[in-house]
Amino acid sequence: MLKSGSLQEKILVGRLKLKDKEAFSHLYDFYLDKIYRFIYFKVTSVSEAEDLTSQTFLKIWQLALEGKIKVNESFQSLLYKVARNLVIDYYRSSNREKNKISLEEAAHIAEADAHLDQAADVKIEMEIIGRRLKKLKSEYQEIIILHFINELTIKEIANILEKKRGNIRVTLHRALKALRDAQ
Amino acid sequence: MEKDIITQLQSLRTIKPKESWRLAQKEILLRQISSAAQETGAGRYFWFYLKEVIQHEAALIGQPIVGVAVLILLMVGGGVFSISAASGATPGSFLYTVKLVSEKTRFALTVNSEDKARLNVKFAERRAEEIKGLADKDAHVILNEVADNLKEEISSAQEQLKQVEVNNPGTAVDLAKDIENKTTVLRQKLQETKEALAKSGSSANSKINEAIRSVDEAGLSALGTIVKSAGKNNTVNKKELSQRVASKLNITKQKITEVQADVNKVFSAGFSRSESGLQIYQAPNNVTDMETKKKAEAKTKEASKIITEAEQLLDDNNYQEAVNKITASEQILNEAAQAVDQKIIEQSDETASSTTPQVKGIIDRLGDGEESAENASTTIGN
């Protein structure tokens, strides 16, 4: 099974740099869910999340074509940085309010859950926590999503956000507090 | 409260894109990138892959000089020829590193889980041959490392089979049959080596026991896949199924007998020679050993009981439940076997320290006459 940072991944990224479609396909399969989840909580609709996710992978391909994927850089970090920048650009260009919760969003969460076979009370719980997460400021959202949902380590998050590990730990603690206090 | 929030956050891991979108989008993306994509065969970029493998392995073992040395060897020695020259290399030799690197390269180049599983088994078979060679040479320290490597390969094969079951159930049965057949042969080979080593009383036996347990686990897991598939799709005929399950059951019964014998032997009474002549010393020598022996005996009895139930289920053609019982019996039996292995290791450590030769001065030697009678302890039959 593919693991982030593994030899297998390094070889796939190497092949991606050589414009190997099959390598792209494998990396897409491995990272799609995580990148989708990361973007999902930062936008207001499923279609936005889908579009931006696709754009992330297309951008990665473009970087590969331009020879801009660096040898020693973590591929996972690169993916998240690209996704993050795309979301920022999206909001800048559309002047949307990031944290506004709309009925559409409530439907969005329910829609995403529709194909999940889970008890109703769990779905409600997820809806509640999902809404509270979306109310947080971007910096807190990102760190919570990356650590608790996408299971990245402090070191990996520090790499993506280009901050020190101590800084990430402190922000994580504050983010959790803010989430607890959010209504 | 915080733990509760974290649990709730973790539940959000189930959020995924719709499957229909995932597949459609992948198709669209692949079409979009097709024009610029290059066709790549694995062989075309061999040197790139090999370099990546060596750098990765060297970084992991913290010995970049090994990686550089291997790379130079490959470049100077003609690459492919060096690798094929290394294929017969034995553990402990420099070329053995090249052999392992080439195996890892080959594994890394393989993307398909089914092929990976077959490679894992092939490498495990190589390790078993190497272990046999090392046992003949008495190179027990290296043997332990190779046995660990074998366990990793066979464990990886098991993981790959699970992947194939999920992603490509149609091919899982054939792969499972192949793995089951090969693990049976592998087991036999390791058992022969173990028996040869037992005569020399080596502690490497416990490592081989661990390797056998891993192989048995993989074989049983493969059998589980076969039985599950037979239940769903009728892809395996009943006679074959019955034979496979019966064979596994018999192996487990045999193992129970062996472990029971080992428990008695390892925790049994012995004899010692003292000034007064032959003396029987009571063993187990302490409360801990007594308890360990009792627990091990109880486990072998339980394993035996469960195997009897498995036999009954097999007679009733309830293959799935029979395999479940065999698995449960093996798990309990392994606990007893591990306790025995641990005791063997302790005993061989004690033997090594008590037979350490002492350098004595003349004054010490004058007292030897009295001391040697008290200290000598030999068991009859050794």
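Sequence order as written defines the numbering, with residues in each chain counted from 1. Chains and ligands are labelled sequentially in the order written, the chains with letters from A and the ligands with numbers from 1. Since the coordinates come from a predicted model, pLDDT governs what is reported: local features require at least 70, and pairs of side-chain atoms require 80 or more to be given and counted, while whole-chain, interface and lining totals use all residues. The side-chain quantities take in all heavy atoms of the structure and omit both hydrogens and water.

(A) Just the overall build of chain B, in detail. Regarding its fold elements, chain B presents 15 helices and two strands. Accessibility here uses a 1.4 Å probe with only protein chains present; expressed as a share of the type maximum, an area under 20% marks a residue as buried, one over 50% as exposed, and anything in between as partly exposed. Relative to its 382 residues, chain B shows a buried fraction of 40%. In chain B, the share of contacts with a sequence separation of at least 24, taken over all contacts with a separation of at least 6, comes to 68%. Accessible surface is estimated by sampling points in the Shrake-Rupley manner with a 1.4 Å probe; for residues, cover comes only from the protein chains shown. Total accessible area on chain B stands at roughly 20,900 Å², and carbon and sulfur atoms take up 53% of it. Here a helix means four or more residues in a row that DSSP labels H or I, a strand means two or more in a row labelled E, and each is numbered from the N terminus. Two residues qualify as a contact provided that any one of their heavy atoms is within 4.5 Å of a heavy atom in the partner residue.

(B) Structural detail: the overall build of chain A. Assigned secondary structure in chain A consists of nine helices and zero strands. Secondary structure elements in chain A, listed N-terminal to C-terminal, are α-α-α-α-α-α-α-α-α. Burial status across chain A gives 51% buried among its 183 residues. Restricting the contact set of chain A to residue pairs at least 6 apart, pairs at least 24 apart contribute 65%. When the accessible area of chain A is evaluated, it comes to approximately 8,600 Å², of which 50% is carbon and sulfur surface.

(C) Quick look at the interface of chain A and chain B. Chain A puts 50 residues into the contact, and the matching count from chain B is 41 residues. Here the quantity called buried area is the total loss of accessible area, with a 1.4 Å probe, experienced by two parts when brought into contact, counted for both. Both sides of the chain A and chain B interface together cover about 4,600 Å² of buried area, and 66% of this is carbon and sulfur. Counted as salt bridges are all cases of a side-chain nitrogen of Lys or Arg within 4 Å of a carboxyl oxygen of Asp or Glu. At the junction of chain A and chain B, the tally comes to three salt bridges. N or O atoms closer than or at 3.5 Å make up a polar contact, with two conditions inside protein: a donor-capable atom paired with an acceptor-capable one, and, for residues adjacent in sequence, both atoms drawn from side chains. Summed over the shared surface of chain A and chain B, the result is eleven residue pairs in polar contact (both at pLDDT 80 or more). Going through the elements one at a time, α1 (7–17), α2 (21–40), α3 (46–65), α5 (103–114), α6 (120–135), α7 (138–149) and α9 (165–181) of chain A are the ones with two or more residues in the side of chain A that touches chain B. Class assignment for the residues of the side of chain A that touches chain B results in 24 nonpolar, eleven polar and 15 charged. When residue character is reported, Ala, Val, Leu, Ile, Met, Phe, Trp, Tyr, Cys and Pro are called nonpolar, Asp, Glu, Lys and Arg charged, and the others, Gly included, polar.

(D) Layout of the packing of helix α9 (residues 169–198) of chain B against helix α11 (residues 238–266) of chain B. Residue and element names in this part refer to chain B. Interaxial distance between α9 and α11 falls to 13 Å at its minimum, and their mutual angle equals 25 degrees. Considered as vectors, α9 and α11 are oriented roughly parallel to each other. As for the relative orientation of α9 and α11, their crossing is left-handed in sense. In this structure, α9 contributes Lys 177, Glu 180, Asn 181, Thr 184, Arg 187, Gln 191 and Lys 194 to the contact, and α11 contributes Glu 240, Arg 244, Lys 248, Ile 251, Lys 255 and Glu 258. The residue inventory of the contact of α9 with α11, partitioned by class, reads one nonpolar, three polar and nine charged. For helices, the fitted axis covers only the stretch in contact; all axes are lines through C-alpha atoms, and the angles between them, taken along N-to-C directions, range from 0 to 180 degrees. Each angle gets one of four labels, with under 35 degrees taken as roughly parallel, over 145 as roughly antiparallel, 65 to 115 as roughly perpendicular, and the rest as oblique. Less than a right angle of anticlockwise turn of the near helix away from the far helix marks a crossing as left-handed, whereas a clockwise turn marks it as right-handed.

(E) Unusual backbone geometry, seen in detail. One non-glycine residue with positive phi stands out, namely A:Glu162, at about 55 degrees. Structurally, the position occupied by A:Glu162 is in the loop between α8 (154–161) and α9. Exposure remark for A:Glu162: the relative accessible area of 63% places this residue in the exposed category. The phi torsion at B:Asn317 lies on the positive side, around 60 degrees, for a residue other than glycine. The residue B:Asn317 is located in the loop between α12 (287–315) and α13 (319–354) in this model.

(F) Looking closely at the packing of α9(B) against helix α10 (residues 204–233) of chain B. All names here are of chain B. For the pair α9 and α10, interaxial distance at closest approach is 8 Å and the crossing angle is 160 degrees. When the axis of α9 is compared with that of α10, the two are roughly antiparallel. In this structure, the crossing between α9 and α10 has a hand that is left-handed. Here the residues of the contact of α9 with α10 are counted per class, giving 17 nonpolar, eight polar and five charged.

(G) Molecular detail of the environment of A:Lys19. Tracing the sequence through the fold places A:Lys19 in the loop between α1 and α2. Sequence spacing of A:Lys19 and A:Trp61 is 42 residues, and the spatial spacing of their C-alpha atoms is 8.0 Å. In this structure, A:Lys19 is in contact with A:Trp61, A:Leu65, B:Ala36, B:Ala37 and B:Gln38, ignoring residues within four places of it in sequence.

(H) Spotlight on the pattern of salt bridges. According to the stated counting rule, one finds 42 salt bridges over all chains in the structure shown. A salt bridge links A:Glu162 to A:Lys81; the shortest N-O distance between them is 3.3 Å. Remark: A:Lys81 occurs in helix α4 (residues 75–94) and A:Glu162 occurs in the loop between α8 and α9; sequence separation between them is 81 residues. Salt-bridge contacts for B:Arg13 lead to A:Glu151; the nearest nitrogen and oxygen are separated by 3.4 Å. In this pair, B:Arg13 is assigned in the loop between α1 (2–11) and α2 (19–34) and A:Glu151 in the loop between α7 and α8, connecting two distinct chains. Taken together, the shared-partner salt bridges in this structure form one network comprising B:Lys99, B:Glu103, B:Arg126, B:Arg127 and B:Glu130.

(I) Structural detail: the nonpolar core. Side-chain atoms within 4.5 Å link the members of a nonpolar core, which is a set of buried Ala, Val, Leu, Ile, Met, Phe, Trp, Tyr and Cys residues. One finds A:Leu16, A:Ile39, A:Phe57, A:Leu133, A:Ile144, B:Leu9 and B:Leu12 to be the most contacted residues of the largest nonpolar core, which totals 66 residues. Residue contributions to this core peak at eleven residues, all from α2(A). If sequence neighbours within four positions are ignored, A:Leu16 has contacts with A:Ala23, A:Phe24, A:Leu27, A:Ile60, A:Trp61, A:Ala64, A:Ile69 and A:Phe75. Residues B:Val164, B:Ile226, B:Ile326 and B:Val340 belong to the second largest nonpolar core, which totals 41 residues.

(J) Main features of α9(A). Residues and elements named next belong to chain A. Here a helix's expected span is defined as the number of its residues, less one, multiplied by 1.5 Å. Compared with the 24 Å implied by 1.5 Å per residue over 17 residues, the 24 Å span of α9 between its first and last C-alpha is a close match. By the burial criterion, the buried members of α9 are Ile 168, Thr 171, Leu 172, Ala 175, Leu 176 and Leu 179. What you see down the axis of α9 is that its buried residues fit within an arc of 140 degrees, all on one side. As used here, the arc is the angular range of directions from the helix axis to the C-beta atoms.

(K) Focus on the packing of aromatic side chains. Any two rings among Phe, Tyr and Trp, with Trp reduced to its six-membered ring, count as a pair given centres within 6.5 Å; such a pair is stacked if its planes are under 30 degrees apart, edge-to-face if over 60, and tilted if neither. For the structure shown, the criterion picks out ten aromatic pairs over all chains. Plain terms: the ring middles of A:Tyr28 and A:Phe57 are 5.0 Å apart, the flat faces sit at 65 degrees to each other, and that makes the pair edge-to-face. Remark: A:Phe57 occurs in helix α3 and A:Tyr28 occurs in helix α2; sequence separation between them is 29 residues. For A:Tyr28, a relative accessible area of 1% corresponds to the buried category. For A:Phe57, a relative accessible area of 3% puts it in the buried group. Here the aromatic cluster, defined as three or more aromatic residues joined through ring pairs, consists of A:Phe24, A:Tyr28, A:Phe57 and A:Trp61. Here, a charge over a ring is recorded when the distance from Lys NZ or Arg CZ to the ring centre is within 6 Å and its angle to the ring normal is within 35 degrees. The ring of A:Tyr40 has A:Lys134 lying over it, and the distance from NZ or CZ to the ring centre is 5.2 Å. Here B:Lys116 stacks its cationic end above the ring of B:Phe107, 4.4 Å away from the centre of that ring.

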